[in-house]
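Remarks on the overall topology
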Amino acid sequence: MHRKTALEHGISERRLASAVHSGELIVVARGMSVPSAAVAGRKDAERIVYGFRCIAAAISPQRPVLSHDSAAVVHGLSLLHPDQRRVHVTNGKDGGGSERSRRVIHSGTFGPDDVVEIDGLLVTSMERTAIDVALKTATLPQALTVFDAGLRLGMQADDVTRRLRASRHGIALVRRAFSFADGDSESPGESWSRAQMIEAGHRVPDLQVEYTLESGRVARCDFGRDEKFVGEFDGMVKYQREMRGDEDVEAVVVREKLREDQLRDVGVDVGRWIWDDLRTKRMIAKLERRYDRLGIRY
């Protein structure tokens with residue numbers, strides 16, 4: 001909602017201020033707000049509000065080019081630990097970058113295919129965005145996550161390879177991350193899991209492995225090794241995705257436990273881990289205990 005439009009329709013300054021103060025409206029930019037009802041009850045409310053902030057910046061008279069984390073939200077790229085405090089834009093110049101509390105202006109020129117228009121917004125292309133995010137974060141888990149997400153959404157691998165070959169400085173980690181990227185990785189948690197395996201020197205597991213259970217149902221698992229072990233990252237998003245109709249999370253957990261028992265019945269061991277295991281780096285120790293017991297080489 002534009003403040004000017006609201007005033008033209010008879011909504012007073014006092015009423016607007018009261019709505020912001022009460023939380024009825026969420027300010028996303030100077031003179032622009034969205035109803036809090038638009039995100040009420042949404043698990044991804046923070047991402048949605050951030051997206052509105054990015055849109056507000058992009059439709060300003062200057063029409064800046066959204067980049068990095070801001071372009072990622074427009075493209076629908078899932079990131080690990082995204083910066084949703086600030087809107088990121090790139091100025092198309094060799095210099096002149098700056099950082100403020102709510103906006104980062106990155107310096108950087110554009111090639112002929114670096115900027116695209118999506119629903120009227122100027123954003124860096126998916127390939128340029130993924131590389132920019134990977135360079136900015138400079139960690140294998142975050143770089144791998146954005147490349148996995150890009151490939152999952154149809155990012156052109158040949159284009160990324162071409163861009164990485166043309167780059168020279170600070171690119172080694174990014175190239176390494178892209179060499180392991182796989183569009184079959186379905187979430188930041190799965191990408192982070194795989195990154196920790198890579199950093200620990202483990203062989204890369206197969207992704208989205210399938211087993212036919214005795215019931216005839218096909219069980220699809222996040223990771224698989226040597227047809228002896230499957231690993232599952234248990235994030236809340238996965239449970240929400242698996243809900244049927246009016247089910248709650250508890251019903252999904254029960255169904256997953258039955259599925260796990262059936263996997264063991266066909267001779268496959270099952271290991272699970274959660275976000276906290278990744279944050280505290282306990283996942284690798286869990287895996288290695290399972291591998292040792294099953295005779296699987298790291």
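Heads up: the structure comes first, above all this text.
Since the model is a prediction, treat every value here as computed from it, not as a measurement.

1. Describing the overall build of the protein
What the protein contains, in helices and strands, is 13 helices and 12 strands. By principal-axis analysis of the C-alpha atoms, the protein measures approximately 70 × 50 × 30 Å. Relative to its 298 residues, the protein shows a buried fraction of 45%. The long-range fraction of contacts in the protein, counting pairs at least 24 apart against all pairs at least 6 apart in sequence, stands at 53%. Just so you have it, the protein exposes about 15800 Å², and 50% of that area is on carbon and sulfur atoms.

2. Describing the sheet that holds strand β10 (residues 218-225)
Read across the sheet, four strands follow the order β9-β10-β11-β12 without closing on themselves; strand pairing throughout is mixed. The sheet is open, and its two borders are formed by β9 (206-212) and β12 (269-273), each paired with just one other strand. The sheet shows a mean angle of 50 degrees between the axes of neighbouring strands, direction not considered. Sheet analysis places β9 next to β10, joined by six bridges and oriented antiparallel. Paired with Thr-212 across the bridge in β10 is Val-218. Of the strands in this sheet, β9, β10, β11 (229-233) and β12 touch helix α9 (residues 188-199), which is tilted by about 30 degrees from β10.

3. Brief notes about the pattern of salt bridges
In the structure shown here, the tally under the stated rule is 28 salt bridges. One salt bridge connects Arg-163 with Asp-114, and the closest N-O pair in it is separated by 2.5 Å. Here Arg-163, found in helix α7 (residues 157-166), pairs with Asp-114, found in the loop between β6 (103-106) and β7 (115-118); they are 49 residues apart in sequence, far enough to count as distant. Accessibility expressed as a relative area gives 7% for Asp-114, which makes it buried. Measuring nitrogen to oxygen at the nearest pair gives 2.7 Å for the salt bridge that ties Arg-264 to Glu-260. Of the two residues, Arg-264 and Glu-260 both sit in helix α11 (residues 249-265), four residues apart, roughly one turn of that helix. Classification of Arg-264 by relative accessible area gives partly exposed; the value is 34%.

4. A short note on the side chain of Arg-163
Relative accessible area serves as the criterion here: at 10%, Arg-163 is assigned to the buried category. Within the local environment of Arg-163, its side chain forms a polar contact with the backbone oxygen of Asp-113, the two atoms lying 3.5 Å apart. Look past the residues within four positions of Arg-163 in its chain and what remains in contact with it is Asp-113, Asp-114, Ser-125, Glu-127, Arg-128 and Ile-131.

5. Examining the environment of Gly-224
Mapped onto the fold, Gly-224 is located in strand β10. With 44 residues separating them in the primary sequence, Gly-224 and Val-268 have C-alpha atoms 9.4 Å apart.

6. Some points on the pairing of strand β4 (residues 87-90)
Alternating residues of β4 divide into Val-87 and Val-89 and His-88 and Thr-90, and every residue in both groups is buried. Strand direction decides the pairing type here: strand β3 (residues 65-66) and β4, joined by two bridges, are antiparallel. Across the sheet, residue Leu-66 finds its bridge partner in β4, namely Val-89. The pairing of β4 with β6 spans four bridges and is classified as parallel. Paired with Val-87 across the strands is Arg-103, a residue of β6.

7. Some details on the nonpolar core
Core analysis: the biggest nonpolar cluster contains 24 residues, and Leu-77, Val-146, Phe-147, Met-155, Val-160, Leu-164 and Phe-178 have the highest contact counts within it. Contributing elements (two or more residues each) for this core: α5 (126-137), α6 (140-152), α7, α8 (172-180) and α9. The dominant element in this core, judged by the number of residues it contributes, is α6, at six residues. In this structure Met-155 touches Met-126, Glu-127, Ala-130, Phe-147, Gly-150, Val-160 and Phe-178, once residues within four positions along its chain are discounted. Within the second largest apolar cluster, 14 residues are counted, among which are Leu-80, Leu-207, Phe-229 and Leu-278.

8. Some thoughts on a nonpolar patch on the surface
On the surface, Phe-52, Ile-55 and Ile-59 cluster together to form a nonpolar patch covering roughly 230 Å² of accessible area. Here Phe-52 is to be found in helix α3 (residues 45-58).

9. A few points about the pairing of β7
Both faces of the sheet carry side chains from a regular strand, because those side chains alternate between them. Taken together, the four bridges between β7 and strand β8 (residues 121-124) define a ladder with antiparallel strand orientation. Residue pairing for β8: Val-116 is matched across the bridge by Val-123. Counting the residues in the hairpin turn of β7 and β8 gives two residues, including Asp-119, whose phi is positive at 50 degrees.

10. Regarding α8
Taken together, the buried positions of α8 are occupied by Val-174, Ala-177 and Phe-178. Down the axis of α8, the smallest arc covering the buried residues is 95 degrees, so these residues share one side. What points out from α8, more than 90 degrees from its buried face, is the exposed set Ala-172 and Ser-179. Here the buried face of α8 lies against α5, α6 and α7.

About the cut-offs
- Numbers given for residues are sequential positions, taken from 1 along each chain in its written order.
- Selection of residues for local features in this predicted model requires a pLDDT of at least 70, selection of side-chain atom pairs for listing and counting requires 80 or more, and totals for whole chains, interfaces and linings are taken over all residues.
- Side-chain calculation: all heavy atoms of the structure are included, whereas hydrogens and water are not.
- Numbering of helices and strands runs from the N terminus, with a helix taken as a DSSP run of H or I at least four residues long and a strand as a DSSP run of E at least two residues long.
- Each residue gets one of three labels from its accessible area relative to the maximum for its type: buried under 20%, exposed over 50%, partly exposed in between, using a 1.4 Å probe on protein chains only.
- Whether two residues are in contact is decided by their heavy atoms, any of which lying within 4.5 Å being enough.
- Per-residue and other accessible areas follow the Shrake-Rupley method at a 1.4 Å probe size, with only the shown protein chains counted as cover for residues.
- Two strands are counted as paired when DSSP detects at least two bridges linking them.
- Inter-axis angles, ranging from 0 to 180 degrees, are taken between N-to-C directions of lines fitted to C-alpha atoms, where helices are fitted over the stretch in contact.
- Within this document, salt bridges are pairs made up of a side-chain nitrogen of Lys or Arg and a carboxyl oxygen of Asp or Glu, the two lying within 4 Å of each other.
- As used in this structure description, the phrase polar contact means that two N or O atoms lie within 3.5 Å; if the pair is within protein, one of them must be able to donate a hydrogen and the other to accept it, and residues adjacent in sequence are counted only when both atoms belong to side chains.
- Residue types Ala, Val, Leu, Ile, Met, Phe, Trp, Tyr and Cys, when buried and joined through side-chain atoms within 4.5 Å, form a set referred to as a nonpolar core.
- Each patch is assembled from residues with relative accessible area greater than 30% and no salt bridge, linking like charges that lie within 9 Å and nonpolar side chains (Val, Leu, Ile, Met, Phe, Trp, Tyr) that lie within 5 Å.
- By definition, the arc is the one covered by directions from the helix axis to the C-beta atoms.

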